[in-house]
Amino acid sequence: MPTPLVVSEVAKSFVMHLRDGIKLPVVENVNFSVAAGECAVLGGPSGIGKSSILKMLYGNYGVDAGQILITHNDVTVDIAGADPRTVLNIRRDVIGYVSQFLRTVPRVAAVDVVAEPLLARGIKSDVARTRAIELLEKLNLPEHLWQLPPTTFSGGEQQRVNIARGFITNHPLLLLDEPTASLDAENRAVVVQLIREKKASGTALLGIFHDQDVRSAVADRIIDVSMFRAGREAA
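Residues numbered from 1 in each chain as written. Predicted model: local features only at pLDDT ≥ 70, side-chain atom pairs only at ≥ 80, totals over all residues. Heavy atoms only, no water.

K.L.:
Now, about the overall build of the protein: what can you tell me, with residues and values included?
P.N.:
The helix and strand tally for the protein stands at seven helices and nine strands. Taken over the C-alpha trace, the protein has a radius of gyration of 18 Å; the compact-globule value for 235 residues is 18 Å, and the two agree within 12%. Structurally, the protein occupies a C-alpha span of about 55 × 40 × 35 Å along its principal axes. Relative to its full complement of 235 residues, the protein shows a buried share of 44%. Contacts in the protein between residues far apart in sequence, at least 24 positions, make up 69% of those at least 6 positions apart. Carbon and sulfur atoms make up 50% of the accessible area of the protein, which amounts to about 11700 Å² in all. Taking the 25 positively charged and 26 negatively charged side chains of the protein as two groups, their mean positions are separated by 2 Å. (Helix = DSSP H or I, 4+ residues; strand = E, 2+ residues; numbered from the N terminus. Rg over C-alpha atoms; globule rule 2.2 N^0.38 Å. Buried < 20%, exposed > 50% of the residue type's maximum accessible area, 1.4 Å probe, protein only. Contact = heavy atoms within 4.5 Å. Areas by Shrake-Rupley, 256 points an atom, 1.4 Å probe, with all protein chains shown as cover. Lys, Arg positive; Asp, Glu negative; His and termini not counted. Charge placed at Lys NZ, Arg CZ, Asp CG, Glu CD.)

K.L.:
Give a detailed account of a nonpolar patch on the surface, specifying residues and quantitative values.
P.N.:
Together, Met-16, Ile-22 and Leu-24 make up a nonpolar patch on the protein surface, roughly 240 Å² of accessible area in all. Looking at the element boundaries, Ile-22 is found in strand β2 (residues 22–34). (Patch = residues over 30% accessible without salt bridge, like charges linked within 9 Å, V, L, I, M, F, W, Y side chains within 5 Å. Salt bridge = Lys/Arg side-chain N within 4 Å of Asp/Glu carboxyl O.)

K.L.:
Any chance you could break down the sheet that holds strand β5 (residues 75–78) for me, citing the residues and the numbers?
P.N.:
Overall, antiparallel pairing links the four strands, which are arranged β2-β1-β4-β5 in an open sheet. Here the strands that pair on one side only, and so sit at the sheet edges, are β2 and β5. Neighbour-to-neighbour, the strand axes of this sheet turn through a mean angle of 30 degrees, independent of strand direction. Against the sheet, helix α2 (residues 84–93) engages β4 (65–72) and β5, with an angle of about 50 degrees to β4. (Pairing = 2+ DSSP bridges. Axes fitted to C-alpha atoms, helices over the stretch in contact; angles between N-to-C directions.)

K.L.:
I'd love a proper account of the pattern of salt bridges, names of residues and values included.
P.N.:
Side-chain pairing between opposite charges can occur once the charged atoms of the two side chains come close. Counted under the stated rule, the structure contains eight salt bridges. Among the salt bridges present, the one from Arg-221 reaches Glu-38, with a minimum N-O distance of 2.8 Å. Of this pair, Arg-221 sits in strand β9 (residues 221–224) while Glu-38 sits in the loop between β2 and β3 (39–43), placing them 183 residues apart in sequence. Here Lys-199 makes a salt bridge to Asp-220, at a shortest N to O gap of 3.1 Å. Here the residue Lys-199 occupies a position in helix α6 (residues 185–200), and Asp-220 occupies one in the loop between α7 (212–218) and β9, the gap between them amounting to 21 residues.

K.L.:
For the environment of Gln-67, give the residues involved together with the corresponding values.
P.N.:
Following the sequence through the fold, Gln-67 ends up in strand β4. Placed 82 residues apart in sequence, Gln-67 and Pro-149 show a C-alpha to C-alpha distance of 38 Å. Leaving out residues up to four positions away in the same chain, Gln-67 has contacts with Val-6, Val-7, Ser-8, Val-10 and Asp-78.

K.L.:
Now, about the side chain of His-171: what can you tell me, with residues and values included?
P.N.:
Within the element layout of this structure, His-171 appears in the loop between α5 (155–167) and β7 (173–177). Look at His-171 and you get buried, because its relative accessible area is 7%. Separated by 2.5 Å, the side chains of His-171 and Thr-169 make a polar contact. Among residues more than four places away in sequence, those in contact with His-171 are Arg-91, Arg-92, Asp-93, Val-94, Ile-95, Gly-96, Arg-121 and Thr-203. (Polar contact = N/O pair within 3.5 Å; in protein donor to acceptor, adjacent residues only side chain to side chain.)

K.L.:
Provide a residue-level description of the packing of aromatic side chains, including the pertinent values.
P.N.:
All chains considered together, the criterion is met by two aromatic pairs. With a centroid separation of 5.3 Å and an interplanar angle of 85 degrees, the aromatic rings of Phe-14 and Tyr-61 are classed as edge-to-face. Of this pair, Phe-14 sits in strand β1 (residues 5–16) while Tyr-61 sits in the loop between α1 (50–58) and β4, and the two are 47 residues apart along the sequence. On the accessibility criterion, Phe-14 (26% relative accessible area) is partly exposed. Summarising the aromatic geometry, the rings of Tyr-58 and Tyr-97 are spaced 4.6 Å apart at their centres and angled 45 degrees between planes, so their arrangement reads as tilted. Highlighted residues: Tyr-58 in helix α1 and Tyr-97 in strand β6 (residues 95–98), separated in sequence by 39 residues. (Phe/Tyr/Trp six-rings, centres within 6.5 Å; stacked < 30°, edge-to-face > 60°.)

So this is what it looks like as structure tokens:
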């Protein structure tokens, strides 16, 4: 089975256009891979570049150098150099992503927000909605909220919709950016179980978890992002 994700010599910086074009280095020489059925966790203090790495893998951020290799339709694709249409196809078919914040179209019901990734992959509407309801039930979102737009929900309720949307597909690779940050203990335990189920099914997961208990429960390996900090002094 091909390795779902290989990151090779990736570097990233930001140009501060409002400060005379100052270049702010973030990470460099980022090298790691994630295997099928593994949950790898990006470790290190806040501001070290963990979320930036996830955004590069998902194609939200460009890279200054290096490769991000993904297997798509049995072909190895460098998402760092892929055109926008290819990136969208890879997101549809290969990479799932649970971000820190839910971004949805206003007035769309929560159940439809969750079902949308399956609909985009050609799954029938009734099947997609049934699966969406199963996940919302598992994540303890009250039934009276299912037909309401999540823009009016609390932070924890929105995050449960976000998690259900991210976990509804069978993407080979799933990126998780602080998925349990807004959740209570009961729902954090649900997410831990969902991650274990994904691992058992062969999904490769790469996540950020500041909750030590959750991280300990799901991590097979910690990737120390401080090793990739641009400009760090050699040991």
